[in-house]
Amino acid sequence: MLRLRLGPADLCRVRFADRLHPVGTAVLACQALHDPTAVRTVPGPAADAATATGRVRSAASVLRHLLPARGRLPDFLTPLDGLESVAAGLEAIRAVPARRVRVEVAAAYAHLPRTPLRRRFAEADGETMGLFGRALGTWHDAVLAPHWGELAEAHAHQVAEATGHLAAYGLDGLLNALHPAIRWEEPTLTVRTWWSATLTGTGYGLLLLPSPLAGPHPRVLVEPGQPVLVVYPAPMPRRVETSAVDPLGRLLGATRAAVLRRLGGPGRHTTTTLGRAVGISVSSASEHAGALRAAGLVSSVRDGGAVVHRLTPLGVELLGRDDTLPPHAPDARRRPAAPPRLT
């Protein structure tokens, strides 16, 4: 049980991560997809992981050997930096001092049999770290990347639901509704996670990240000079589990449907913000916006150094015909009498 005492500086900086971290999500997913229940919670990635062949199976074998199948993972493998891409996340991992790598990997291996590859990984051997990075990149591209639009859409849905909950019930209501394993009794946030300690907040806030690939327990990362990161299990909303059960996803493809739904929400949508929101590169966001524009669903205008995209009346009508609410617009008409849990 982790007990985290939060001060005013932390509580006035509670916020949600605006997107999933490619490398952090991949590392957690390597562990989470060992669980048979993952087939129900994240069917697409689970199926791709189970049917992998060739290079992907070899990469999975390396990762299964280097990462504990359950329990706490080395903190340096889920960095706060490197949000832009898998390459940026792996660069953030390579920048970690060797001493920290040795300490955290040795702790993670405390109950695992010693092998030459694990020993070299625990020693922060450059060649072995490179092997890990290549394996993680291969596995991410084959198992997570095809479903990244759906995962990003699910994340946006969870954040929208939680922020609506915050507006309705305040910070106390939000923190006590995140997950059954998280309890807030001022000034202490108690989290049933993989490790136990009593700590004080960093003074840099609390960064909340709902994820369907967190595993069975919340994850907590506490680093000096950084906000405390809490990754907590959140289910994939039924309406965005796969494009097979999403009519708009079947029509346009899951990622393009996510882009269109995002454009249906409030705010100024540039190519860059679209890419961040949906979890794709800027070039991919530009390509999807261009295809939607060619279909008459989106209009685009240059505003300074950015291109701003908006739905056309036809795009608005298509979203209106969609039988699912967009992820950023939870139904505000149904206000429960008491704060419900978010998961």
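This report concerns the structure included in the present document. (Residues numbered from 1 in each chain as written. Predicted model: local features only at pLDDT ≥ 70, side-chain atom pairs only at ≥ 80, totals over all residues. Heavy atoms only, no water.)

**As for the pattern of salt bridges**
Tallied over the full model, the rule gives nine salt bridges. Asp75 is paired through a salt bridge with Arg72; the nearest N and O atoms lie 3.1 Å apart. Of the residues examined, Arg72 reaches a relative accessible area of 36% and is grouped as partly exposed. The salt bridge partner of Arg100 is Glu104, with a shortest N-O separation of 2.8 Å. Taken together, the residues span about one helical turn, with Arg100 and Glu104 both in helix α7 (residues 98-108) at a distance of four residues. We classify Arg100 as partly exposed; its relative accessible area is 27%. Through salt bridges with shared partners, a single ionic network connects Arg100, Glu104 and Glu223. (Salt bridge = Lys/Arg side-chain N within 4 Å of Asp/Glu carboxyl O. Buried < 20%, exposed > 50% of the residue type's maximum accessible area, 1.4 Å probe, protein only. Helix = DSSP H or I, 4+ residues; strand = E, 2+ residues; numbered from the N terminus.)

**Focus: the side chain of Asp10**
Note that Asp10 resides in helix α1 (residues 8-11). Although Asp10 is buried, it makes no salt bridge; Arg13 carries the closest opposite charge, 7.1 Å away. At 2.8 Å, the side chain of Asp10 forms a polar contact with the backbone nitrogen of Gly203. With residues near it in sequence (within four places) discarded, Asp10 still touches Gly201, Thr202, Gly203, Tyr204, Gly205 and Leu206. (Lys, Arg positive; Asp, Glu negative; His and termini not counted. Polar contact = N/O pair within 3.5 Å; in protein donor to acceptor, adjacent residues only side chain to side chain. Contact = heavy atoms within 4.5 Å.)

**With respect to the sheet that holds strand β4 (residues 188-191)**
Sheet architecture is open: four strands sit in the order β3-β4-β1-β5, paired in mixed fashion. Bordering the open sheet on either side are β3 (182-185) and β5 (197-200), each of which pairs with just one other strand. Between one strand and the next, the sheet's axes are offset by a mean angle of 15°, whatever the strand orientation. As paired elements, strand β1 (residues 2-5) and β4 share four bridges and run antiparallel to each other. Bridge assignment links Arg3 to a residue of β4, and that residue is Thr190. Across the sheet, helix α10 (residues 148-177) is in contact with β3 and β4; its angle to β3 comes to roughly 150°. (Pairing = 2+ DSSP bridges. Axes fitted to C-alpha atoms, helices over the stretch in contact; angles between N-to-C directions.)

**A short note on the packing of aromatic side chains**
For the structure on display, the rule yields one aromatic pair. With a centroid separation of 5.4 Å and 35° between ring planes, the pair formed by Phe121 and Phe132 is classed as tilted. In this pair, Phe121 is assigned in helix α8 (residues 116-122) and Phe132 in helix α9 (residues 126-144), connecting sequence segments eleven residues apart. Using a relative accessible area of 1% as the deciding quantity, one classes Phe132 as buried. (Phe/Tyr/Trp six-rings, centres within 6.5 Å; stacked < 30°, edge-to-face > 60°.)

**Brief notes about the sheet that holds strand β2 (residues 14-16)**
A sheet is described by the order of its strands in space; here four strands give the open sequence β2-β6-β8-β7, paired in mixed fashion. Strands at the two margins of the open sheet, each flanked by one partner only, are β2 and β7 (219-221). Sheet twist, expressed as the mean angle between neighbouring strand axes with direction ignored, is 20°. Judged from the three bridges that link them, β2 and strand β6 (residues 206-211) form a sheet pairing that is parallel.

**A word on the pairing of strand β8 (residues 228-233)**
Counting buried positions over the six residues of β8 gives six, a clear majority of the element. Of the two faces of β8, the one carrying Val228, Val230 and Tyr232 and the one carrying Leu229, Val231 and Pro233 are both buried. Of the strand pairs in this sheet, β6 and β8 are connected by six bridges, and their pairing is parallel. Each residue of the ladder has a partner; that of Pro210, found in β8, is Tyr232. Relative to β8, β7 runs antiparallel, the two sharing three bridges. When the sheet's bridge partners are listed, Val220 is paired in β8 with Val230. What sits between β7 and β8 in their antiparallel hairpin is a turn of six residues, with Gly225 showing a positive phi close to 80°.

**Regarding helix α13 (residues 271-278)**
All of the buried residues along α13 are Thr271, Leu274, Gly275, Ala277 and Val278. Viewed along the axis of α13, the buried residues span an arc of 165°, placing them on a single side of the element. (Arc of directions from axis to C-beta.)

**Considerations on the packing of helix α12 (residues 254-263) against helix α14 (residues 282-294)**
Orientation of α12 relative to α14, taken along the N-to-C sense of each, is 75°, at an axis distance of 10 Å. Between α12 and α14, the angle falls in the class roughly perpendicular. Note on element contacts: α14 touches α12 through His288, Ala291 and Leu292, opposite Thr255, Arg256, Val259 and Leu260. Residues of the contact of α12 with α14, tallied by class, amount to four nonpolar, two polar and one charged. (Parallel < 35°, antiparallel > 145°, perpendicular 65-115°, else oblique. Nonpolar A, V, L, I, M, F, W, Y, C, P; charged D, E, K, R; others polar.)

**Here we look at the side chain of His155**
Here His155 shows up in helix α10. When its relative accessible area of 5% is taken as the criterion, His155 is described as buried. Of the polar contacts made by the side chain of His155, one reaches the backbone oxygen of Ala17; its length is 3.1 Å. Leave out the neighbours within four places in its chain, and His155 touches Ala17, Asp18, Arg19, Leu20, Leu209 and Pro210.

**Notes on the environment of Leu311**
Inspection of the secondary structure puts Leu311 in strand β11 (residues 306-311). Separated by 47 residues in sequence, Leu311 and Gly264 place their C-alpha atoms 6.6 Å apart. Apart from residues lying up to four places away in sequence, Leu311 is in contact with Leu260, Leu263, Gly264, Leu297, Val298, Val316 and Leu319.

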